[in-house]
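# Reading the structure
In case you want the letters, here they are:
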There are 2 protein chains.
Amino acid sequence: MNSNLWLYIGIGCGLGSIAMALVYYRWVIRQEPGTEKAVQIASWIKDGASTYLKMLYRALIAVAMVLVIVLGIIFSGDPARPLHGVYTAAAFGFGALCSALAGWLGMSIAVKANVRTSTACGRSLGQGFNVAYKAGAVMGLAMVGVAVFGMSLLYLIFHDAEIVLGFSFGASSLALLAKAGGGIYTKTADIAADLTGKVELGIPEDDPRNPAVIADNVGDNVGDVAGMGADIFDSYVAATVASMLLGTSFAATGSIGMQYAILPLILCIVGIVSSLIGLQFVKVGPDGKPGKALNFGTVFSCVVFFVLATILFVVVNALAGETVFNYGALIATMSGLLISIIIGFTTDYFTNDEYRPVRNVAEISASGTGLTIITGFSHGLISIAPALIGIVIATLTSYFSAQAFGLPGIYGIGIAAVGMLSLTGIVVSNDAYGPIVDNAKGIAEMSGMSHEVVDTADVLDSAGNTAKAITKGFSISAAALTVLAMYAAYSEVIVKYSGGSFLMNLQDPIVLSGIFLGCIVPPLFSALTMLAVTRNAFTMIEEIRRQFKAEPGILAGTALPDYSRCVGIASLGALRALVFPALLAIVLPLVVGFILGPTALGGFLGGAIFIGVVFALLMSNAGGLWDNAKKYIEAGNCGGPGSEAHKAAVVGDTVGDPFKDTAGPSLNTLITVMSLVSSLFAPLIAQYHLFG
Amino acid sequence: MNSNLWLYIGIGCGLGSIAMALVYYRWVIRQEPGTEKAVQIASWIKDGASTYLKMLYRALIAVAMVLVIVLGIIFSGDPARPLHGVYTAAAFGFGALCSALAGWLGMSIAVKANVRTSTACGRSLGQGFNVAYKAGAVMGLAMVGVAVFGMSLLYLIFHDAEIVLGFSFGASSLALLAKAGGGIYTKTADIAADLTGKVELGIPEDDPRNPAVIADNVGDNVGDVAGMGADIFDSYVAATVASMLLGTSFAATGSIGMQYAILPLILCIVGIVSSLIGLQFVKVGPDGKPGKALNFGTVFSCVVFFVLATILFVVVNALAGETVFNYGALIATMSGLLISIIIGFTTDYFTNDEYRPVRNVAEISASGTGLTIITGFSHGLISIAPALIGIVIATLTSYFSAQAFGLPGIYGIGIAAVGMLSLTGIVVSNDAYGPIVDNAKGIAEMSGMSHEVVDTADVLDSAGNTAKAITKGFSISAAALTVLAMYAAYSEVIVKYSGGSFLMNLQDPIVLSGIFLGCIVPPLFSALTMLAVTRNAFTMIEEIRRQFKAEPGILAGTALPDYSRCVGIASLGALRALVFPALLAIVLPLVVGFILGPTALGGFLGGAIFIGVVFALLMSNAGGLWDNAKKYIEAGNCGGPGSEAHKAAVVGDTVGDPFKDTAGPSLNTLITVMSLVSSLFAPLIAQYHLFG
């Protein structure tokens, strides 16, 4: 099999996906932007988002440059590979650049699509949906496009998966900052806007008199579009690279052929094609149910992927006249994909108001806020179980099915993670749709569009919430399987460079100590980001009060508030708050590795993964549940808006917001970054460490 | 060295400790009971507690009998040890009996000491303290007494640590039910009393018109005296047995002498003597600070233990003319003890209103309930770090200090756990003091004693809270180290019976799957107990409303409410809610072990331990923090009682209550029971399992 051919296809496919994203981009901006007032509001949001993104990217460039230099120096020490440092550093920079580029493209279309979606809602639900969904697809396609393009190109040039690891680390470092920063930003603005607007003054959520309202709408974009996109992007790249590393490593020992090193990339290509096909079928039917359209797209792409991947295996093997691609790998891929879909829908049970958990919380809210919190938290705790059982099934199935067909079992786990993430294109499209319609609804309200338009936008918005919940469940499970694969890759690298066997024995006190230390990181990271949210919200609340006091015309509606100051506070606060948690993620694994040694670091990663996955599931699901319990009450149930139950549910939502949008989803990226740092530095840690 | 001599000393020392408990018992009941009204109220509490205990023990007898029969049958299959089943079953029954006996003794004095403490408070703070503390000591001394008596007796008869394991399992099973049941009971009553009394009717906390008020006071006893006592008792026994198992196992291979199998028991004896000495010095000084007296007792006993243990090692070695007890074991013991004290005091930082976390939460409460919850939860997340770092230090120090002196490192970890728990006598005394003074304050208020008496009782009560926080931090860390030792013991048993080597490799998908499955259990257990609390609280609230409606004289103060119905609801509800979680703890490890095999079970235990410790710390500390933030505001800070901040803090406390009193502390016992079940069944699991 000519592997270079596949790499050229990868480059072409990546570029094709980017081109398709640009086609959608052009289509969206050609849509009618709408009334002057709506355009004005949208431009404030756009400017706010640009302000934040500029500050973020400026900070990121500084961080990336430092890391490029550090990596360049550290990895140049090996006389056998004098240029390895330069290559790794370049790959890192390239990864960071690709991730930033995709995020920027997604954001820039989102802030243009929001107003066009509200305007299209004036024509029909279907048209509104179409604008928002195509804009979401820009993000999805751009993301998988740059990822596959970048990985194929690097592997074509260097034929070394360790260099591609540098690319992945670059993408993930950027993702961590974008995700956590966006998460802090969005909740800062949200809490400040709610506490001053809804609570203190009793004005509606998207009231233009509130100086924080633009920051709040910007937050949806930077948190949910740029942040979530970056999060899935980094799992996508990391899963592919981990499997490539495993493939390379097993191929080096002769136990499998070299074609398995690039099979992960080939599966990504099949995934992109399937997503592109699936996207064409996402249309709101005559029944007007956008949620159904979104879910149909995902399931349909899944079927397409299954068919295409099977054809690929059969055709390649038939053409070659031998088993080029073992069918064990196909089963492993499919088990990953299937389980990810199942986990996504299970998450829905805990966060959808059609089922018991959300209703239970809504009903109990009438009896007091304390019970809202305890009950929601308890259901969040229970929701951990099905996802973890799913991960266990995917792990065991992929491992043993690969093994049964003569492939290394651990390679099967890696391939299952790739399978889970193969449909990233369409999953991110669905997800980016959410904040766009959320914004569209806000703009429709703020610019005084008719009730029908606002209601139409609201229908689109509710569908976005379910898609979002499913994506989160999906991305957490995918991250879990990805880090398991990366974990295995870490071991392989350690074995390769230490020259001996490498064992992480649970009876070994060094490993146990590593695990306990690893258990500290995800809770600490969550706490730091959540405390940053409350701290920044307070700064913003003071600014809002100052503006109301200095210019009474604002409340009267005769003067405009200074939106940009709130945007500035949220932006600067988020970036400042990021420094320490991000350092934790990068520096702690190195400290543990270089001091306590590679086995302790293995334990450390393990501890961080176990606790990280558990907390990510708990926080995302409990947060989603509280959010929807509040919405369920607002829809007129359990006493309806204004009732005691509603007040309690609002508090539940305030608690849930930083859970589900700040701390919870950042944890995936946190554990991915920690795993990547460890694998990247494994060659050095294997040789230099104080103890262990 | 004559090991039988030490076992006789153990029996004597155990009986001596029980005798001393009885002496204190007699002293307490001879104190002046007080006014007729106070005695009347106390008798309601006493009756309520008896109702619950009778129901609990009846249920426990049923459970214990089933388990006795099951154990008897299962363990009789080995033709080489035909009577092993009978012995194990008998030891199990004996363990359950001892645990029940100690719990009953502690409870029965607590419900007599409460009214005597309030009355003594009328004379002086010092006298009030004395009565409550001596009553607490009854619990502490009875507990360690029966434990050391039981273990010494069984080992003397059978000379087989596996039989003593049965004793430990009996004690722990009972502890799990007592702890979780008590935790559900106490918060059911607390929430129902608060929601109807304080919130709906605006009557004070301990108002005799509230039908739930007696159930609430009973709750303090069954939750905090019987429950917490059982919790520490079970760690105490489990740590000792785990170390005995390790000692026996290493002695069998000839790597250490048989004296190390009973060294854990000898350390317990030294601990009892040290506690008895320490108890004599716990007196409130002329400055009137009961908190200082409690802490002084702990630290002083620690010093006594250090001196006595050192003398013991030196004298025994000198008398024998050779190294009977290796000094590595002494260092390991001391490292455990020291770290436990340090962790206890660190916990205090997060829950004491003199430091930043509590004040931060109190201050932020003025801005809304959501922020109270987020901030408190975040500080709880951070509080995990110092405790885990302490556990790591204790693990590494004890392992490597044992190894440096030529002992097996893992035995050092076991001995460190015993060291941590050696002062259980005085720690439980401090802890049982808390609910007694809490009750005393309630009785003083309800029976209309003077303001000075209530204030004196209040001073005693605040000191109890700090002691309680320290005990919880201490008991969680001790449980962590205990299960690590039990974990090692499990491996040893598996190795012994499978005849091969046994490896729990973190790269093995079976182990990883076990870990992920283990991660499910503690959150699920917490959720089930907390949901039971809210469910039962609702049943009770309905009953309270029914009583108010049926007899208007209750609210007017002319008719007495029917306290016993609320007591009955809390009792029955708690016991019913226990069945499923308790089954989880016992059955799940067996399912995993017999189906997925011993390595998966090893991973499963690991996962449960990591997540269990993290959640136990989070929930206990966040709960304690919210409780004290509320009290800090009630003391007149941040707006004082009745302010918005106070309302928010009350909600925080409502959330914190089931965190810290129901779910959090039960988790220690849960992981201990799971570890014990696994070790007990390890001989069978090693031989019979489907996969792995």
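Notes on the structure follow. Numbering of residues begins from 1 in every chain and follows the order in which that chain's sequence is written. Both sets of labels track the order of writing: A upward for chains, 1 upward for ligands. Note on the predicted model: pLDDT of at least 70 is required for a residue's local features to be given, and 80 or more for side-chain atom pairs to be given and counted; whole-chain, interface and lining totals, by contrast, use all residues. As a convention, hydrogens and water are excluded, and side-chain values are obtained from all of the structure's heavy atoms.

### Brief notes about the packing of aromatic side chains
Pairs of aromatic rings are described using the distance from one ring centre to the other and the angle between the two planes. Rules: Aromatic rings from Phe, Tyr and Trp, taking only the six-membered ring of Trp, are treated as a pair when their centres fall within 6.5 Å; an angle between ring planes under 30 degrees marks them as stacked, one over 60 as edge-to-face, and anything in between as tilted. Per the convention used, a helix needs a DSSP run of H or I reaching at least four residues, while a strand needs a run of E reaching at least two, with both numbered from the N terminus. Here the term buried applies to any residue with accessible area under 20% of the maximum for its type, exposed to any over 50%, and partly exposed to those in between, with areas from a 1.4 Å probe on protein chains only. Cation placement over rings: the criterion is NZ of Lys or CZ of Arg within 6 Å of the ring centroid and within 35° of the ring normal.
What the rule picks out here adds up to 47 aromatic pairs over all chains. Summarising the aromatic geometry, the rings of A:Phe129 and A:Tyr133 are spaced 5.6 Å apart at their centres and angled 5° between planes, so their arrangement reads as stacked. Within this pair, A:Phe129 and its partner A:Tyr133 are both found in helix 4 (residues 125–158), separated by four residues, close to a single helical turn. The two residues A:Phe129 and A:Tyr133 agree in class, both being buried. Taking the centre distance of 5.3 Å and the plane angle of 55° together, the rings of A:Phe129 and A:Tyr433 count as tilted. One end of the pair, A:Phe129, is in helix 4; the other, A:Tyr433, is in helix 13 (residues 424–446), with 304 residues separating them in the sequence. By relative accessible area, which is 0% here, A:Tyr433 ends up buried. Among the aromatic residues, those joined into a cluster by ring pairs are A:Phe377, A:Trp626, A:Phe659, B:Phe377, B:Trp626 and B:Phe659. Positioned above the aromatic ring of B:Trp27 is the side chain of B:Lys134, whose terminal nitrogen or guanidinium carbon lies 4.7 Å from the ring centre.

### As for helix 17 (residues 563–596) of chain B
Residue and element names in this part refer to chain B. For clarity, the threshold we go by: Working rule for helices: expected span equals 1.5 Å times residues minus one. A residue's bend is the angle separating two fitted axes: one through the seven residues that end there, the other through the seven that start there.
Under the 1.5 Å per step criterion, the end-to-end length of helix 17 is 50 Å for 34 residues, consistent within 8% with the ideal 50 Å. At Val 579, helix 17 is bent by approximately 35°, the largest bend along its length, and proline Pro 581 sits one to four residues beyond. Gly 597 sits one or two residues past helix 17 and shows a positive phi near 95°.

### Brief notes about the pattern of salt bridges
Residues and elements named next belong to chain B. The criterion, for reference: Within this document, salt bridges are pairs made up of a side-chain nitrogen of Lys or Arg and a carboxyl oxygen of Asp or Glu, the two lying within 4 Å of each other.
Tallying each qualifying case throughout the model produces 34 salt bridges over all chains. Salt-bridge contacts for Asp 627 lead to Lys 631; the nearest nitrogen and oxygen are separated by 3.5 Å. In this pair, Asp 627 and Lys 631 are both assigned in helix 18 (residues 598–634), four residues apart and thus about one turn of the helix distant. Classification of Asp 627 by relative accessible area gives buried; the value is 10%. Given a relative accessible area of 31%, Lys 631 falls into the partly exposed group. Asp 627 is paired through a salt bridge with Lys 660; the nearest N and O atoms lie 3.6 Å apart. One end of the pair, Asp 627, is in helix 18; the other, Lys 660, is in helix 19 (residues 644–687), and 33 residues separate them in sequence.

### Some thoughts on helix 18 (residues 598–634) of chain A
In a regular helix each residue adds 1.5 Å, so 37 residues correspond to 54 Å; helix 18 of chain A covers 53 Å between its end C-alpha atoms and thus fits that length. Most of helix 18 of chain A is tucked away, with 35 of its 37 residues classed as buried.

### A short note on a nonpolar patch on the surface
Applied cut-off: For patch detection, residues must exceed 30% relative accessible area and be free of salt bridges, and they are connected within 9 Å for like charges or within 5 Å for nonpolar side chains (Val, Leu, Ile, Met, Phe, Trp, Tyr). Values of accessible area rely on a 1.4 Å probe in the Shrake-Rupley scheme; residue burial ignores everything except the protein chains shown.
Together, A:Val299, A:Val303, A:Phe306, A:Val307, A:Ile311, A:Val315, A:Leu319 and A:Phe345 give the surface a local cluster of nonpolar side chains, amounting to about 710 Å² of exposed area. Looking at the secondary structure, you find A:Phe345 in helix 9 (residues 327–351).

### Points about the interface of chain B and chain A
Here is the rule: Throughout, a contact is declared for two residues whenever any of their heavy atoms are within 4.5 Å. Throughout, buried area stands for the accessible area (probe radius 1.4 Å) lost by two parts on being put together, summed over both. Between N or O atoms, a polar contact is any pair within 3.5 Å; within protein, one atom must be a potential hydrogen donor and the other a potential acceptor, and residues adjacent in sequence are included only when both atoms are from side chains. Think of it as three bins: nonpolar holds Ala, Val, Leu, Ile, Met, Phe, Trp, Tyr, Cys and Pro, charged holds Asp, Glu, Lys and Arg, and polar takes everything else, Gly as well.
Listed by partner, the interface residues are 68 residues for chain B and 68 residues for chain A. Where chain B abuts chain A, roughly 6,000 Å² becomes buried across the two surfaces, and 87% of that area is made up of carbon and sulfur atoms. Across the contact surface, chain B and chain A share zero salt bridges. Where chain B meets chain A, there are seven residue pairs in polar contact (both at pLDDT 80 or more). Those elements that place two or more of their residues in the side of chain B that touches chain A are helix 5 (161–201), helix 11 (369–404), helix 12 (409–421), helix 14 (451–498), helix 15 (509–550), helix 18 and helix 19 of chain B. Broken down by element, the residue count for the side of chain B that touches chain A peaks at 21 residues, all from helix 11 of chain B. Taken together, the residues of the side of chain B that touches chain A sort by class into 52 nonpolar, 16 polar and no charged.

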